[in-house]
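Letter by letter, the chains look like this.
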Amino acid sequence: MTIKKTHNALIRPNRRLFLQGTAALAGASALAAPSIGRAQSKELYINSWGGPWLEAATENLFNPFTEATGITVNTVSPVSFAKLAAQVRTGVYEFDVTTLGGGDIVAANNAGLLEPIDSPYPGGLFQNGVGSHAFATMMAWRTDKGWEETPQSWADFWDVERFPGGRSLQRYPARVLPLALLADGVAMEDLYPLDIDRAFAKLDEIKEHVRVWWTGGAQSTQLLRDGEVDMIGIWHGRYFEAADAGAPVDFTWNQAELDSAYWVVAKETPNMEAAKMFVEFATSAEPLAGFVSQANYGALNPAADEFIPDAAKPRMPTAPGNVETTFTQDMLNWGGDPQEVAMRFDEWLAS
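Notes on the structure in this doc start here. (Residues numbered from 1 in each chain as written. Predicted model: local features only at pLDDT ≥ 70, side-chain atom pairs only at ≥ 80, totals over all residues. Heavy atoms only, no water.)

Relative to each other, helix 7 (residues 217-225) and helix 8 (residues 236-244) sit at 40°, their axes nearing to 9 Å. Compared by their axis directions, helix 7 and helix 8 come out oblique. The chirality of how helix 7 crosses helix 8 is right-handed. From helix 7, Gly217, Ala218, Ser220, Thr221, Leu224 and Arg225 reach across to helix 8, where they touch Arg238, Tyr239, Glu241 and Ala242. (Axes fitted to C-alpha atoms, helices over the stretch in contact; angles between N-to-C directions. Helix = DSSP H or I, 4+ residues; strand = E, 2+ residues; numbered from the N terminus. Parallel < 35°, antiparallel > 145°, perpendicular 65-115°, else oblique. Left-handed = near helix turned anticlockwise from the far one by under 90°. Contact = heavy atoms within 4.5 Å.)

Given below as structure tokens:
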């Protein structure tokens, strides 16, 4: 379904809405949930991921937002930068709100695809997106391959003699090129700006062993779970999905690549007020804590920490004991034009 541009009015807030109906209602911090009003628009379209992300978002963000505002949330999948660009260009909108990672949000903001927005919490704004959660690309492997050693680094991922077998990486150079440099001996603190030529030279060494360049989270889980590849660079949440299904797998946080997801509002979307209300809601402390606890992400709003149970923290890349061995993607000091590098990457794959 597509939605065409209209104008919506916002009715002023008349009460503070506390979310999720927990025992924290009476004594929760004022940061736990925003003050939400009711918009005349009764529907909001959100570009969403699937799998565990969608389950956690529906339970902790979408349904509670609807209960608080009366606005029905409709999801549109998959997340697509191309659709975001097309709808802003044509004025015919499939969705009002989406999430973008660090690489895409810089490109989207530079292209004028994002509506200016205020941060609902201190320090939460980046490139007209509000920080939601952190996720990691980490190395995982099958434990039934009979290797004498346990892989511990991206150099081990590239070492097909000590660790023979098929590999898989995401078809996304912004995340893959730093991994190649780590495999080539660059220290995490010295990665940025990236040496693009050196990264491609290192990718040449692994190319013939990469059986699948995955493009979707569910695909990566299946590759690992079903043993189609022996070692993979995978989002941490998708790894745990395979592990929870009983697959013989293991992983390391060492040299995991942290990326951040930001809620953004499509430029001049017809449901502007409702869209901004949702972003405020989704990044407020208690709803965000519920979302990241269920989906194993790391909350970017520090106020969410007090609502995250200790039992959920070991699976979060930002938790103490995990984050110290990771590095953070730096798209503002990346070392090249990501779009030009993406075209070079596609040409390299086809060669």
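Once the structure has been displayed, the description carries forward.
By size, the foremost hydrophobic cluster in this structure holds 57 residues, and its most contacted members are Leu44, Phe62, Trp263, Phe278 and Phe291. In this structure, Ile105, Trp158, Leu182 and Tyr262 belong to the second largest nonpolar core, which totals 51 residues. (Core = buried A, V, L, I, M, F, W, Y, C linked by side-chain atoms within 4.5 Å. Buried < 20%, exposed > 50% of the residue type's maximum accessible area, 1.4 Å probe, protein only.)

Moving on, we come to the pairing of strand 7 (residues 129-142). Buried residues dominate strand 7, accounting for 14 of its 14 residues. Note that strand 6 (residues 125-126) and strand 7 share 2 bridges and pair antiparallel. The partner of Leu125 across the bridge, within strand 7, is Val130. What sits between the antiparallel neighbours strand 6 and strand 7 is a turn of 2 residues, in which Gln127 has the positive phi angle 55°. Pairing geometry for strand 7 and strand 11 (residues 249-265), over 11 bridges, is antiparallel. (Pairing = 2+ DSSP bridges.)

A few words now on the side chain of Asn128. The residue Asn128 is located in the loop between strand 6 and strand 7 in this model. There is a polar contact of 2.9 Å between the side chain of Asn128 and the side chain of Asn109. Contact partners of Asn128, with chain neighbours within four places excluded, come to Asn109, Leu114, Glu115, Pro116, Ile117, Trp263 and Val264. (Polar contact = N/O pair within 3.5 Å; in protein donor to acceptor, adjacent residues only side chain to side chain.)

This part is about the packing of aromatic side chains. On inspection of all chains with the given rule, the structure shows 25 aromatic pairs. Where Trp154 meets Phe157, the ring centres are 5.3 Å apart and the plane angle is 55°; that geometry is what we call tilted. With Trp154 and Phe157 both in helix 4 (residues 154-158), this residue pair falls 3 residues apart, about one helical turn. Members of the aromatic cluster, each reached through a chain of ring pairs, are Trp53, Phe62, Phe65, Trp263, Phe278, Phe281, Phe291 and Tyr297. The side chain of Arg167 reaches across the aromatic face of Phe157, ending 5.4 Å from its centre. Sitting over the ring of Trp348, Lys207 keeps its end group 4.7 Å from the ring centre. (Phe/Tyr/Trp six-rings, centres within 6.5 Å; stacked < 30°, edge-to-face > 60°. Lys NZ or Arg CZ within 6 Å of the ring centre and 35° of its normal.)

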